[in-house]
Amino acid sequence: MPTAFTDEELEHIRSALIQAGIRLSKELGLQKMSVEKLTAAVGIAKGSFYMFFGSKEDFILEVAEYTGAQTQKMLLSRLNGRRKMSAHEFMEFFSEYLHSDFDLMNGLTVEDFFWLKKHIKKQVLFDPDEQIKTALFQYIERNNVDCSAFIKDDRGWFADFLEEEKERGTQV
């Protein structure tokens, strides 16, 4: 019978699993990182893993979302309320990112990429164009940007992006 965890323990374990996933993905790669190794690192039973995530694939997506959010926080911190940064500042940020725990791509092997392609159905995760569009849409949504001028003017992919979001029922 699974152990009953308090809400605080659930939150702590979930966070510990994500941190262990970041560490193990760099040490072992995604393909060799198993649920058994994750749960052993956190000190819970293998079956308890499924109280938090439906599968290893769901877990990897959650880790990717977490590291993406942390990277965004790093960038916003560097911007310090500004909208732009110099090329030099960006290179400093990028170097900080590459040396942080949040760069999941750095330690992946070719086998990991093939494993991801086979097991992760959310291909947007590794599509730079889709990542840019997602980040842009989140920015527009967060800042209540009026995009009507861009829809009227054909400005390439940005206008297409806004039209796609409009067709999906998103208010842009």
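Up top is the structure these notes are about.
Residues numbered from 1 in each chain as written. Predicted model: local features only at pLDDT ≥ 70, side-chain atom pairs only at ≥ 80, totals over all residues. Heavy atoms only, no water.

> Requested: an account of the overall build of the protein, with residues and values cited.
When helices and strands are tallied, the protein shows nine helices and zero strands. Order of helices (α) and strands (β) in the protein, N terminus to C terminus: α-α-α-α-α-α-α-α-α. A total of 172 residues make up the protein; the buried ones form 31% of that total. Excluding contacts between residues fewer than 6 apart, the proportion of contacts in the protein whose partners are at least 24 apart in sequence is 52%. Accessible surface, the protein: about 11,400 Å² in total, of which carbon and sulfur atoms supply 54%. (Helix = DSSP H or I, 4+ residues; strand = E, 2+ residues; numbered from the N terminus. Buried < 20%, exposed > 50% of the residue type's maximum accessible area, 1.4 Å probe, protein only. Contact = heavy atoms within 4.5 Å. Areas by Shrake-Rupley, 256 points an atom, 1.4 Å probe, with all protein chains shown as cover.)

> Summarise the nonpolar core; cite the residues concerned and give the values.
In this structure, Leu17, Leu38, Phe59 and Ile60 are the most contacted members of the largest nonpolar core, which totals 24 residues. Counting residues per element, this core draws most heavily on helix 1 (residues 7-28), which supplies six residues. With near-sequence residues (within four places) excluded, Leu38 lies in contact with Leu17, Ala20, Gly21, Leu24, Met33, Phe49 and Phe59. (Core = buried A, V, L, I, M, F, W, Y, C linked by side-chain atoms within 4.5 Å.)

> Can you tell me about the pattern of salt bridges, naming the residues and giving the values?
Evaluation of the coordinates by the stated rule reveals six salt bridges. Two residues, Glu92 and Arg78, come together in a salt bridge whose shortest N-O distance is 3.4 Å. One end of the pair, Glu92, is in helix 5 (residues 87-98); the other, Arg78, is in helix 4 (residues 56-79), and 14 residues separate them in sequence. Judged by relative accessible area, Glu92 falls into the partly exposed class, the value being 36%. Between Glu89 and Arg82 there is a salt bridge whose closest N-O contact spans 3.1 Å. Using a relative accessible area of 24% as the deciding quantity, one classes Glu89 as partly exposed. One continuous salt-bridge network, built from bridges that share partners, spans Arg78, Glu92 and Glu96. (Salt bridge = Lys/Arg side-chain N within 4 Å of Asp/Glu carboxyl O.)

> For the packing of helix 1 against helix 2 (residues 35-42), give the residues involved together with the corresponding values.
Their axes nearest at 9 Å, the elements helix 1 and helix 2 cross at an angle of 125°. By the criterion of interaxial angle, the relationship of helix 1 to helix 2 is oblique. In the packing of helix 1 onto helix 2, the handedness of the crossing is right-handed. Here Ile13, Ala16, Leu17, Ala20, Gly21, Arg23, Leu24 and Leu28 of helix 1 come into contact with helix 2, specifically with Lys37, Leu38, Ala41 and Val42. Among the residues making up the contact of helix 1 with helix 2, the classes are represented as nine nonpolar, one polar and two charged. (Axes fitted to C-alpha atoms, helices over the stretch in contact; angles between N-to-C directions. Parallel < 35°, antiparallel > 145°, perpendicular 65-115°, else oblique. Left-handed = near helix turned anticlockwise from the far one by under 90°. Nonpolar A, V, L, I, M, F, W, Y, C, P; charged D, E, K, R; others polar.)

> How would you sum up helix 4? Please name residues and give values.
Helix length check: helix 4 (24 residues) gives 35 Å between terminal C-alpha atoms against 34 Å at 1.5 Å per residue, within 8%. Listed in full, the buried residues belonging to helix 4 are Lys56, Phe59, Ile60, Leu61, Val63, Ala64, Thr67, Gln70, Thr71, Met74 and Leu79. Structurally, helix 4 contributes buried residues whose contacts are with helix 1, helix 2, helix 3 (46-49), helix 5 and helix 6 (110-119). (Expected span 1.5 Å × (residues − 1).)

> Describe the packing of aromatic side chains, listing the residues and the values that go with them.
For the structure shown, the criterion picks out eight aromatic pairs. A centroid spacing of 6.0 Å and a plane angle of 15° characterise the contact between Phe90 and Phe94, whose relative ring orientation is stacked. Linking Phe90 with Phe94, this pair stays in helix 5, spanning four residues, or about one helical turn. Ring pairing ties together the aromatic residues Phe49, Tyr50, Phe53 and Phe59, which thus form one cluster. Just above the ring of Trp115 sits the side chain of Lys56; from NZ or CZ to the centre is 4.5 Å. (Phe/Tyr/Trp six-rings, centres within 6.5 Å; stacked < 30°, edge-to-face > 60°. Lys NZ or Arg CZ within 6 Å of the ring centre and 35° of its normal.)

Worth remembering: the numbers are spatial, not functional.
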